[in-house]
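# Inside the fold
The primary structure of each chain is shown beneath.
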Amino acid sequence: MPVLRVIILWHQHQPFYKDLVSGEYRLPWVRLHALKDYFGMVKLLDEFPNVHQTFNLVPSLITQIQDYVSGTAQDPFLQVAAKPAKDLTPEERRFRRPRSVASLRSLLHRSTIRFCR
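A brief structural summary. (Residues numbered from 1 in each chain as written. Predicted model: local features only at pLDDT ≥ 70, side-chain atom pairs only at ≥ 80, totals over all residues. Heavy atoms only, no water.)

## Side note on the overall build of the protein chain
For clarity, the threshold we go by: Here a helix means four or more residues in a row that DSSP labels H or I, a strand means two or more in a row labelled E, and each is numbered from the N terminus. Remark: exposure states derive from per-residue accessible area (1.4 Å probe, protein chains only) relative to the maximum for the residue type, with buried under 20%, exposed over 50%, and partly exposed in between. Contacts: residue pairs with any heavy atoms within 4.5 Å of one another.
Scanning the protein chain for helices and strands turns up 4 helices and 2 strands. In the protein chain, the succession of α and β elements from N to C terminus is β-α-β-α-α-α. Among the 117 residues that make up the protein chain, the fraction classed as buried is 18%. Put simply, of all contacts in the protein chain between residues at least 6 apart along the chain, 63% involve residues at least 24 apart.

The following block contains the structure:
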């Protein structure tokens, strides 16, 4: 039987979410994917030492990850999420509320869609 060789190339990209005027990140996706997905994909390869893959990280993604690693990322989503609810200002509560409801709805949808009958 002939051998089939497969090349697996993961192209990891994210738009540049950093507002260059304010320095704040407009959306938290780079941080969230870096914590949840990017590391996990590479770590999973430990279980399969004979599988070789290539991960292509675009420069804008690397730059944003470096901001988070160095502690210089200004992420209002993380700042508000890290504060105890009792310490939130009214403005921070308004910022957090719609995102929390949307996140819960999205999580509920994703967790139930797998079990459709």
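Next comes the rest of the write-up.
## Quick notes on the pairing of strand β1 (residues 8–12)
As a reminder, the rule being used: Two strands pair if DSSP finds at least two bridges between them. By the criterion used throughout, a crossover qualifies as right-handed when its path from the first strand across the helix to the second strand runs clockwise, the strands pointing away from the viewer.
Pairing analysis gives 5 bridges linking β1 to strand β2 (residues 53–57), with the strands arranged parallel. By the bridge assignment, His 11 is partnered in β2 with Asn 56. In this fold, β1 hands off to helix α1 (residues 29–44), which returns the chain to β2; that crossover is right-handed.

## Things to note about the pattern of salt bridges
Cut-off, in case you're wondering: Definition used for salt bridges: Asp or Glu carboxyl oxygen within 4 Å of a side-chain nitrogen of Lys or Arg.
If you walk through the whole model with that rule in mind, you get 7 salt bridges. The partner of Asp 19 in a salt bridge is Arg 26, and the shortest N-O contact between them spans 2.6 Å. For Asp 75, the salt bridge goes to Arg 31, with nearest N and O atoms at 2.8 Å. Residue Asp 75 is located in the loop between α2 (59–70) and α3 (76–82), and its partner Arg 31 is located in helix α1; the two are separated by 44 residues in the primary sequence.

## Some thoughts on the packing of α1 against α2
Here is the rule we go by: In this analysis an axis means a line fitted to C-alpha atoms, helices contributing only their contacting stretch, and an angle means the value between N-to-C directions, from 0 to 180 degrees. To sort the angles, those under 35 degrees are grouped as roughly parallel, those over 145 as roughly antiparallel, those from 65 to 115 as roughly perpendicular, and the leftovers as oblique. The classification used treats Ala, Val, Leu, Ile, Met, Phe, Trp, Tyr, Cys and Pro as nonpolar, Asp, Glu, Lys and Arg as charged, and all other residues, Gly among them, as polar.
Their axes nearest at 10 Å, the elements α1 and α2 cross at an angle of 90°. Here α1 is positioned roughly perpendicular relative to α2, judged by the angle of their axes. Of α2, the residues touching α1 (which contributes Val 30, Arg 31, Ala 34 and Tyr 38) are Leu 61, Gln 64, Ile 65 and Tyr 68. Looking at the contact of α1 with α2 residue by residue, the classes come out as 6 nonpolar, 1 polar and 1 charged.

## Here's the deal with the packing of aromatic side chains
This is how it is decided: Side-chain rings of Phe, Tyr and Trp (the six-membered ring for Trp) are treated as a pair once their centres are within 6.5 Å; stacked means planes under 30 degrees apart, edge-to-face means over 60, and tilted covers the remaining angles.
Applying the stated rule across the entire model yields 2 aromatic pairs. Arranged with centres 5.2 Å apart and planes meeting at 40°, the rings of Tyr 25 and Tyr 68 form a pair that is tilted. Residue Tyr 25 is located in the loop between β1 and α1, and its partner Tyr 68 is located in helix α2; the two are separated by 43 residues in the primary sequence. Note on Tyr 25: relative accessible area 1%, which makes it buried. Seen from their ring centres, Phe 77 and Phe 95 are 5.1 Å apart, and the 55° between their planes marks the pair as tilted. Highlighted residues: Phe 77 in helix α3 and Phe 95 in helix α4 (residues 90–113), separated in sequence by 18 residues. Residue Phe 77 is classed as buried on the basis of its relative accessible area of 16%. Looking at Phe 95, the relative accessible area reads 24%, which means it is partly exposed.

## A closer look at a nonpolar patch on the surface
Here is the rule: Every patch collects residues that have over 30% relative accessible area and no salt bridge, joining them within 9 Å if they carry like charges and within 5 Å if they are nonpolar side chains (Val, Leu, Ile, Met, Phe, Trp, Tyr). With residues, only the protein chains shown are counted as cover, and all accessible areas are computed by Shrake-Rupley using a 1.4 Å probe.
Judged by side-chain polarity, Leu 27, Trp 29 and Leu 32 come together as a nonpolar surface patch covering roughly 240 Å² of accessible area. Turning to its location among the elements, Leu 27 is positioned in the loop between β1 and α1. Overall, the relative accessible area of 34% leaves Leu 27 in the partly exposed class.

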